Amino acid sequence: MPSRIERVRVRVRPSIGDRDLDAALVVRTDYGHEPIWRAIVTELTQPWGEDDEREALVHIVDDPAWSDATVEEIRAAAQAGDRTVFLVDSTAIRHSHFAMLAVDLDTTEETIPGRGTFRLEPAAVQEVHMQRFIDNVSFTGYIDQAARDPDNIVWSPY
């Protein structure tokens, strides 16, 4: 009979990898519906800003080893210095506007327990990442912004 240790299977996730912290971190956790995934990637990599003058900087983790990863697993794998990670989960894949999950990684900001996430459209990822990176808008500010929207989504201002 196998020992208790042998019976417990711990899923070890791979490293997210070294990357430029200027790039928004996007992790794919749903591996169904490949055409929808490609549409999301297309939206994530579009130029952005008032006149589309800014290049999209995105670090995309597209590795099936992250399939069905939990928010806690993503938080554990993120680099020091990351403030927000964006997940393409099953809700984003099914949502008509691909509402991705933004996850707060900033341990210096006090968020209300259970309120460390909000949904946003892919076109808003660059703006949210930049505003969080420069500490211009708090994560709680985005949670409140999403709460004011009838669909509970943060939309791109452009």
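Our structure's up above, just so we're on the same page.
The structure displayed is predicted, hence computed values, not measured ones.

Quick notes on the rules
- Residues numbered from 1 in each chain as written.
- Predicted model: local features only at pLDDT ≥ 70, side-chain atom pairs only at ≥ 80, totals over all residues.
- Heavy atoms only, no water.
- Helix = DSSP H or I, 4+ residues; strand = E, 2+ residues; numbered from the N terminus.
- Buried < 20%, exposed > 50% of the residue type's maximum accessible area, 1.4 Å probe, protein only.
- Contact = heavy atoms within 4.5 Å.
- Patch = residues over 30% accessible without salt bridge, like charges linked within 9 Å, V, L, I, M, F, W, Y side chains within 5 Å.
- Areas by Shrake-Rupley, 256 points an atom, 1.4 Å probe, with all protein chains shown as cover.
- Salt bridge = Lys/Arg side-chain N within 4 Å of Asp/Glu carboxyl O.
- Lys, Arg positive; Asp, Glu negative; His and termini not counted.
- Charge placed at Lys NZ, Arg CZ, Asp CG, Glu CD.
- Pairing = 2+ DSSP bridges.
- Phe/Tyr/Trp six-rings, centres within 6.5 Å; stacked < 30°, edge-to-face > 60°.
- Core = buried A, V, L, I, M, F, W, Y, C linked by side-chain atoms within 4.5 Å.

Student: Hey, could you go over the overall build of the chain for me, with residue numbers and the actual values?
Tutor: Across its full length, the chain carries six helices and six strands. Each helix and strand of the chain, ordered N terminal to C terminal, gives the series α-β-α-β-α-β-α-β-β-α-α-β. For the chain, the proportion of its 158 residues judged to be buried stands at 42%. Here the analysis covers contacts within the chain between residues at least 6 apart in sequence; of these, 68% occur between residues at least 24 apart.

Student: How would you sum up a negative patch on the surface? Please name residues and give values.
Tutor: Residues Glu 50, Asp 51, Asp 52 and Glu 53 make up a contiguous surface patch of negative charge. Locating Asp 52 in the fold gives a position in the loop between helix 2 (34-44) and strand 2 (58-61).

Student: Could you give me a rundown of the pairing of strand 3 (residues 84-88), with the residues and numbers involved?
Tutor: Where burial is concerned, most of strand 3 is hidden: five out of the five residues are buried. The alternating pattern of strand 3 places Thr 84, Phe 86 and Val 88 on one face and Val 85 and Leu 87 on the opposite face, and all of these are buried. In this sheet, strand 3 lies alongside strand 1 (residues 24-28) in parallel orientation, the contact comprising four bridges. Looking across to strand 3, one finds that Arg 28 is bridged to Val 88. Bridge analysis of strand 3 against strand 4 (residues 100-104) gives four bridges, and the strand direction is antiparallel.

Student: Could you give an account of the packing of aromatic side chains, naming the residues involved and the relevant values?
Tutor: Under the defined criterion, the tally for this structure stands at three aromatic pairs. Ring centres 4.9 Å apart and planes at 50° place the aromatic pair Phe 118 and Phe 139 in the tilted group. One end of the pair, Phe 118, is in strand 5 (residues 117-120); the other, Phe 139, is in helix 6 (residues 139-148), with 21 residues separating them in the sequence. Each of the two residues, Phe 118 as well as Phe 139, counts as buried. Site record: aromatic cluster; members linked through ring pairs are Phe 118, Phe 139 and Tyr 142.

Student: Tell me about the nonpolar core, and name the residues and values.
Tutor: Among the nonpolar cores identified, the biggest contains 22 residues, and Phe 86, Val 88, Met 100, Phe 118, Leu 120 and Val 154 are the most heavily contacted of them. Broken down by secondary-structure element, the contributors of at least two residues to this core are strand 1, helix 2, strand 3, helix 4 (90-94), strand 4, strand 5, helix 5 (125-133) and helix 6. In terms of residue count, helix 6 provides more of this core than any other element does, four residues in total. Val 61, Trp 66, Leu 101 and Leu 105 belong to the second largest nonpolar core, which has 14 residues in total.

Student: Can you break down the sheet that holds strand 1 residue by residue, with the values?
Tutor: Taken in spatial order, the six strands make up an open sheet running 2-1-3-4-5-6, and their pairing is mixed. This sheet does not close on itself; its edge strands, each paired only once, are strand 2 and strand 6 (153-154). For strand 1 and strand 2, the ladder comprises four bridges, and the chain directions are parallel. Within the sheet, the bridge partner assigned to Leu 25 lies in strand 2 and is His 59.

Student: Any details on the environment of Arg 132? Residues and values, ideally.
Tutor: Tracing the backbone through its elements, the reader meets Arg 132 in helix 5. Judged by its relative accessible area of 1%, Arg 132 falls in the buried class. Taking the C-alpha atoms as reference, Arg 132 lies 9.6 Å from Tyr 142; in sequence the two are ten residues apart.

Student: Let's hear about helix 5: which residues, and what values?
Tutor: Most of helix 5 is tucked away: seven of the nine residues are buried. Positive backbone phi, at 60°, marks Asp 135, one or two positions downstream of helix 5.

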